Amino acid sequence: MKKALYLSIFTICVVTASHGASTPWWLRPTVCRLNPSTCYKNMTNGYFIDIGNSETWDVSGNCWGLKLICADALQNATGTDSVPMERADIAAKKNIRSDFDTDKLSMDGDCFGRRITSSDGSMAYVDKTYVPIWCPGILSNPDEFLENGEIETNINNQPKCTELADMGYAAIDTGKCYGKYFDSSQYYIECGTKMQPSRIIILNGADTNAPQDGAPATLTDAERVFESMYQTSAEQRKKYFSDSE
(Lines give C-alpha, C1' and ligand atoms only; values in the text may rest on other atoms or scores of the structure.)
Protein backbone atom coordinates (compact mmCIF):
# COMPACT_ATOMS: atom_id res chain seq x y z
CA MET A 1 0.00 0.00 0.00
CA LYS A 2 2.85 2.40 0.91
CA LYS A 3 4.57 1.57 -2.37
CA ALA A 4 1.40 2.28 -4.30
CA LEU A 5 0.95 5.63 -2.53
CA TYR A 6 4.55 6.63 -3.30
CA LEU A 7 4.09 5.76 -6.96
CA SER A 8 0.85 7.72 -7.04
CA ILE A 9 2.54 10.89 -5.69
CA PHE A 10 5.48 10.43 -8.06
CA THR A 11 3.05 10.12 -10.97
CA ILE A 12 1.27 13.34 -9.95
CA CYS A 13 4.59 15.20 -9.80
CA VAL A 14 5.72 13.95 -13.18
CA VAL A 15 2.40 14.56 -14.86
CA THR A 16 2.02 18.05 -13.35
CA ALA A 17 5.61 19.01 -14.07
CA SER A 18 5.16 18.06 -17.72
CA HIS A 19 2.09 20.31 -17.92
CA GLY A 20 2.81 23.81 -19.20
CA ALA A 21 6.48 23.37 -20.00
CA SER A 22 6.82 27.06 -20.84
CA THR A 23 5.87 28.07 -17.28
CA PRO A 24 8.84 28.46 -14.89
CA TRP A 25 8.99 25.62 -12.39
CA TRP A 26 8.65 27.91 -9.38
CA LEU A 27 5.23 29.07 -10.64
CA ARG A 28 3.81 25.62 -11.42
CA PRO A 29 1.10 24.52 -8.95
CA THR A 30 2.50 21.10 -8.04
CA VAL A 31 2.84 19.16 -4.79
CA CYS A 32 6.58 19.11 -5.52
CA ARG A 33 6.85 22.91 -5.48
CA LEU A 34 9.50 24.27 -3.07
CA ASN A 35 8.44 26.61 -0.30
CA PRO A 36 8.80 30.14 -1.77
CA SER A 37 9.11 31.81 1.64
CA THR A 38 11.48 34.76 1.93
CA CYS A 39 15.09 34.37 3.05
CA TYR A 40 14.89 37.14 5.63
CA LYS A 41 12.33 37.79 8.38
CA ASN A 42 11.92 41.53 7.86
CA MET A 43 12.36 42.56 4.27
CA THR A 44 12.03 46.33 4.14
CA ASN A 45 14.78 48.69 2.97
CA GLY A 46 17.93 47.16 1.52
CA TYR A 47 16.31 44.02 0.08
CA PHE A 48 15.36 42.97 -3.44
CA ILE A 49 12.33 40.73 -3.91
CA ASP A 50 9.79 40.22 -6.64
CA ILE A 51 7.77 37.01 -6.36
CA GLY A 52 7.66 35.37 -9.77
CA ASN A 53 10.89 36.99 -10.92
CA SER A 54 13.64 34.37 -11.15
CA GLU A 55 16.32 37.01 -10.58
CA THR A 56 15.24 37.38 -6.95
CA TRP A 57 15.46 33.66 -6.21
CA ASP A 58 18.28 32.76 -3.81
CA VAL A 59 19.51 29.45 -5.22
CA SER A 60 21.84 28.74 -2.29
CA GLY A 61 19.06 29.34 0.23
CA ASN A 62 16.12 27.90 -1.73
CA CYS A 63 14.09 31.00 -0.98
CA TRP A 64 13.02 34.37 -2.30
CA GLY A 65 14.81 37.58 -1.52
CA LEU A 66 18.31 38.97 -1.98
CA LYS A 67 20.28 41.54 0.00
CA LEU A 68 21.25 44.70 -1.87
CA ILE A 69 24.96 45.32 -1.28
CA CYS A 70 26.14 48.93 -1.68
CA ALA A 71 28.56 49.65 -4.50
CA ASP A 72 31.05 51.18 -2.03
CA ALA A 73 31.24 47.84 -0.21
CA LEU A 74 32.17 45.90 -3.37
CA GLN A 75 35.74 45.28 -4.53
CA ASN A 76 35.03 45.58 -8.23
CA ALA A 77 32.06 47.93 -8.43
CA THR A 78 31.40 49.15 -11.96
CA GLY A 79 29.11 52.00 -10.92
CA THR A 80 27.14 53.46 -8.03
CA ASP A 81 24.20 51.03 -8.15
CA SER A 82 23.81 48.45 -5.40
CA VAL A 83 24.00 44.77 -6.34
CA PRO A 84 21.61 41.98 -5.19
CA MET A 85 23.56 39.04 -3.72
CA GLU A 86 22.78 35.60 -2.33
CA ARG A 87 23.36 34.74 1.31
CA ALA A 88 26.09 32.21 0.54
CA ASP A 89 28.10 34.75 -1.48
CA ILE A 90 27.73 37.37 1.27
CA ALA A 91 28.81 34.89 3.95
CA ALA A 92 31.87 33.98 1.85
CA LYS A 93 32.69 37.71 1.42
CA LYS A 94 32.65 37.18 -2.35
CA ASN A 95 33.74 40.47 -3.98
CA ILE A 96 33.04 42.30 -0.68
CA ARG A 97 35.59 44.68 0.85
CA SER A 98 36.84 43.63 4.28
CA ASP A 99 36.47 47.14 5.74
CA PHE A 100 32.67 47.19 5.24
CA ASP A 101 29.98 45.56 7.39
CA THR A 102 27.23 44.07 5.22
CA ASP A 103 24.98 43.48 8.24
CA LYS A 104 24.41 47.23 8.57
CA LEU A 105 22.36 49.45 6.31
CA SER A 106 24.05 52.38 4.61
CA MET A 107 23.44 55.87 5.98
CA ASP A 108 20.66 56.47 3.45
CA GLY A 109 19.16 53.05 4.23
CA ASP A 110 18.92 51.89 0.62
CA CYS A 111 21.45 49.03 0.74
CA PHE A 112 23.70 47.04 3.06
CA GLY A 113 27.34 47.92 3.58
CA ARG A 114 28.63 50.49 6.05
CA ARG A 115 32.29 51.23 6.75
CA ILE A 116 33.51 49.54 9.93
CA THR A 117 34.28 51.93 12.78
CA SER A 118 35.82 51.62 16.23
CA SER A 119 33.58 50.92 19.22
CA ASP A 120 33.22 54.62 20.08
CA GLY A 121 32.80 55.59 16.43
CA SER A 122 35.79 57.96 16.31
CA MET A 123 37.98 55.82 14.00
CA ALA A 124 37.18 54.26 10.63
CA TYR A 125 38.65 51.04 9.21
CA VAL A 126 40.33 51.66 5.84
CA ASP A 127 42.58 49.15 4.05
CA LYS A 128 43.52 47.14 7.18
CA THR A 129 44.19 50.17 9.37
CA TYR A 130 42.22 52.84 11.23
CA VAL A 131 42.05 56.53 10.33
CA PRO A 132 40.51 59.33 12.43
CA ILE A 133 36.95 60.40 11.83
CA TRP A 134 37.17 64.20 11.83
CA CYS A 135 34.34 66.28 13.21
CA PRO A 136 32.23 67.96 10.49
CA GLY A 137 33.78 71.06 8.93
CA ILE A 138 37.45 70.33 9.69
CA LEU A 139 38.45 68.64 6.42
CA SER A 140 38.39 70.90 3.40
CA ASN A 141 37.95 68.02 0.95
CA PRO A 142 36.79 64.83 2.73
CA ASP A 143 36.86 61.50 0.91
CA GLU A 144 33.81 60.07 2.69
CA PHE A 145 31.02 61.26 4.95
CA LEU A 146 30.19 58.99 7.90
CA GLU A 147 27.67 59.11 10.71
CA ASN A 148 29.95 60.96 13.16
CA GLY A 149 31.96 63.04 10.71
CA GLU A 150 34.27 62.83 7.70
CA ILE A 151 37.40 60.92 6.78
CA GLU A 152 40.56 61.28 4.73
CA THR A 153 41.18 57.71 3.60
CA ASN A 154 44.95 58.17 3.09
CA ILE A 155 46.62 57.56 6.47
CA ASN A 156 49.61 59.65 5.34
CA ASN A 157 47.54 62.65 4.32
CA GLN A 158 45.84 63.49 7.63
CA PRO A 159 45.75 67.15 8.84
CA LYS A 160 48.93 68.41 10.53
CA CYS A 161 48.85 69.72 14.09
CA THR A 162 49.84 73.22 12.92
CA GLU A 163 47.08 73.24 10.28
CA LEU A 164 44.51 72.34 12.89
CA ALA A 165 45.91 74.85 15.39
CA ASP A 166 45.56 77.66 12.84
CA MET A 167 41.82 76.92 12.82
CA GLY A 168 41.69 76.66 16.61
CA TYR A 169 41.40 72.85 16.65
CA ALA A 170 43.47 70.07 18.18
CA ALA A 171 43.46 66.39 17.18
CA ILE A 172 41.68 65.26 20.34
CA ASP A 173 39.03 62.54 20.48
CA THR A 174 35.74 64.13 21.55
CA GLY A 175 34.10 60.74 22.03
CA LYS A 176 32.53 60.68 18.56
CA CYS A 177 35.08 62.32 16.29
CA TYR A 178 38.48 64.01 16.30
CA GLY A 179 38.82 67.78 16.50
CA LYS A 180 38.25 69.75 19.70
CA TYR A 181 37.94 73.52 19.44
CA PHE A 182 40.01 75.85 21.65
CA ASP A 183 39.39 79.61 21.71
CA SER A 184 42.71 81.20 20.71
CA SER A 185 42.12 84.03 23.20
CA GLN A 186 42.08 81.53 26.05
CA TYR A 187 44.39 78.72 24.90
CA TYR A 188 47.66 78.27 23.07
CA ILE A 189 48.04 75.02 21.11
CA GLU A 190 51.68 73.95 21.05
CA CYS A 191 52.60 71.47 18.32
CA GLY A 192 55.44 69.00 18.27
CA THR A 193 56.20 66.42 15.62
CA LYS A 194 52.96 64.44 16.00
CA MET A 195 49.41 65.06 14.86
CA GLN A 196 48.30 65.54 18.48
CA PRO A 197 49.51 68.74 20.20
CA SER A 198 52.40 68.40 22.63
CA ARG A 199 50.70 70.79 25.06
CA ILE A 200 47.69 73.07 25.35
CA ILE A 201 48.46 76.10 27.54
CA ILE A 202 45.79 78.08 29.34
CA LEU A 203 46.50 81.79 28.89
CA ASN A 204 44.66 82.85 32.09
CA GLY A 205 43.30 86.00 30.52
CA ALA A 206 46.53 87.16 28.89
CA ASP A 207 45.99 89.22 25.76
CA THR A 208 48.31 87.69 23.20
CA ASN A 209 47.63 90.55 20.78
CA ALA A 210 48.45 93.38 23.20
CA PRO A 211 51.72 95.26 22.57
CA GLN A 212 54.36 94.45 25.18
CA ASP A 213 57.88 95.70 25.78
CA GLY A 214 60.33 92.86 25.40
CA ALA A 215 57.70 90.53 23.91
CA PRO A 216 59.04 87.45 22.10
CA ALA A 217 59.97 88.36 18.55
CA THR A 218 59.77 84.87 17.11
CA LEU A 219 57.81 81.68 17.66
CA THR A 220 60.95 80.09 19.12
CA ASP A 221 61.23 82.91 21.66
CA ALA A 222 57.56 82.54 22.55
CA GLU A 223 57.92 78.81 23.06
CA ARG A 224 60.92 79.47 25.30
CA VAL A 225 58.76 81.77 27.44
CA PHE A 226 55.97 79.21 27.59
CA GLU A 227 58.46 76.53 28.59
CA SER A 228 59.71 78.71 31.45
CA MET A 229 56.13 79.39 32.56
CA TYR A 230 55.35 75.68 32.43
CA GLN A 231 58.38 74.73 34.52
CA THR A 232 57.59 77.41 37.11
CA SER A 233 53.98 76.22 37.32
CA ALA A 234 55.08 72.60 37.73
CA GLU A 235 57.49 73.50 40.52
CA GLN A 236 54.87 75.52 42.37
CA ARG A 237 52.33 72.73 42.05
CA LYS A 238 54.81 70.19 43.40
CA LYS A 239 55.60 72.50 46.29
CA TYR A 240 52.08 73.34 47.41
CA PHE A 241 49.91 70.45 46.18
CA SER A 242 50.12 66.70 46.57
CA ASP A 243 49.09 64.21 43.87
CA SER A 244 46.32 62.89 46.10
CA GLU A 245 44.51 66.21 46.14
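Cut-offs and rules
- Residues numbered from 1 in each chain as written.
- Predicted model: local features only at pLDDT ≥ 70, side-chain atom pairs only at ≥ 80, totals over all residues.
- Heavy atoms only, no water.
- Helix = DSSP H or I, 4+ residues; strand = E, 2+ residues; numbered from the N terminus.
- Contact = heavy atoms within 4.5 Å.
- Disulfide = S-S within 2.5 Å.
- Buried < 20%, exposed > 50% of the residue type's maximum accessible area, 1.4 Å probe, protein only.
- Phe/Tyr/Trp six-rings, centres within 6.5 Å; stacked < 30°, edge-to-face > 60°.
- Lys NZ or Arg CZ within 6 Å of the ring centre and 35° of its normal.
- Core = buried A, V, L, I, M, F, W, Y, C linked by side-chain atoms within 4.5 Å.

Student: Requested: an account of the environment of Tyr169, with residues and values cited.
Tutor: Its location among the elements puts Tyr169 in strand β12 (residues 169–173). Spatially, the C-alpha atom of Tyr169 lies 9.4 Å from that of Ser184, the residues being 15 residues apart in sequence. Excluding residues within four positions of it along the chain, Tyr169 makes contact with Ile138, Leu164, Gly179, Lys180, Tyr181 and Ile189.

Student: Describe the state of the cysteines, and please don't skip the residues or the numbers.
Tutor: Here, disulfide denotes a covalent bond that connects the sulfur atoms of two cysteines. On inspection of all chains with the given rule, the structure shows 4 disulfides. The disulfide partner of Cys39 is Cys63, and the gap between their sulfur atoms is 1.7 Å. Here the disulfide of Cys39 and Cys63 is right-handed, its torsion about the S-S bond being about 80 degrees. Separated by 24 residues along the polypeptide, Cys39 in the loop between α1 (2–18) and β1 (47–48) and Cys63 in strand β3 (residues 63–64) bring together distant segments of the chain. For Cys63, a relative accessible area of 4% translates into the label buried. Linked covalently through their sulfurs, Cys135 and Cys177 form a disulfide whose S-S length is 2.1 Å. A torsion of 95 degrees about the S-S bond marks the disulfide between Cys135 and Cys177 as right-handed. One end of the pair, Cys135, is in the loop between β9 (129–132) and β10 (144–145); the other, Cys177, is in the loop between β12 and β13 (178–181), and 42 residues separate them in sequence. For Cys135, a relative accessible area of 11% translates into the label buried.

Student: Please give an account of the packing of aromatic side chains that cites residues and values.
Tutor: What the rule picks out here adds up to 7 aromatic pairs. Measuring from ring centre to ring centre gives 4.8 Å for Trp57 and Trp64, while their planes differ by 85 degrees; the resulting arrangement is edge-to-face. Between Tyr169 and Tyr181, the aromatic rings sit 5.5 Å apart at their centres with planes inclined by 65 degrees, giving edge-to-face as the arrangement. Of this pair, Tyr169 sits in strand β12 while Tyr181 sits in strand β13; the two residues are 12 residues apart in sequence, bridging distant segments of the chain. The rings of Tyr40, Tyr47 and Phe112 are connected pair by pair, giving a single aromatic cluster. It is Lys67 that lies over the ring of Phe112; its NZ or CZ is 4.5 Å from the centre. The residue whose ring lies beneath Arg87 is Tyr40, and the NZ or CZ to ring-centre distance is 6.0 Å.

Student: I'd like a description of the nonpolar core, backed by residues and values.
Tutor: Most often, soluble globular proteins have nonpolar side chains that are buried together. The biggest cluster of nonpolar side chains holds 14 residues, and the ones touching the most others in it are Ala124, Ile133, Trp134 and Ile151. Apart from the residues lying within four places of it in its own chain, the contact partners of Ile133 are Thr117, Gly121, Ser122, Met123, Ala124, Leu146, Asn148, Gly149, Glu150, Ile151, Cys177 and Tyr178. In this structure, Tyr47, Met85, Ile96 and Phe100 belong to the second largest nonpolar core, which totals 12 residues.

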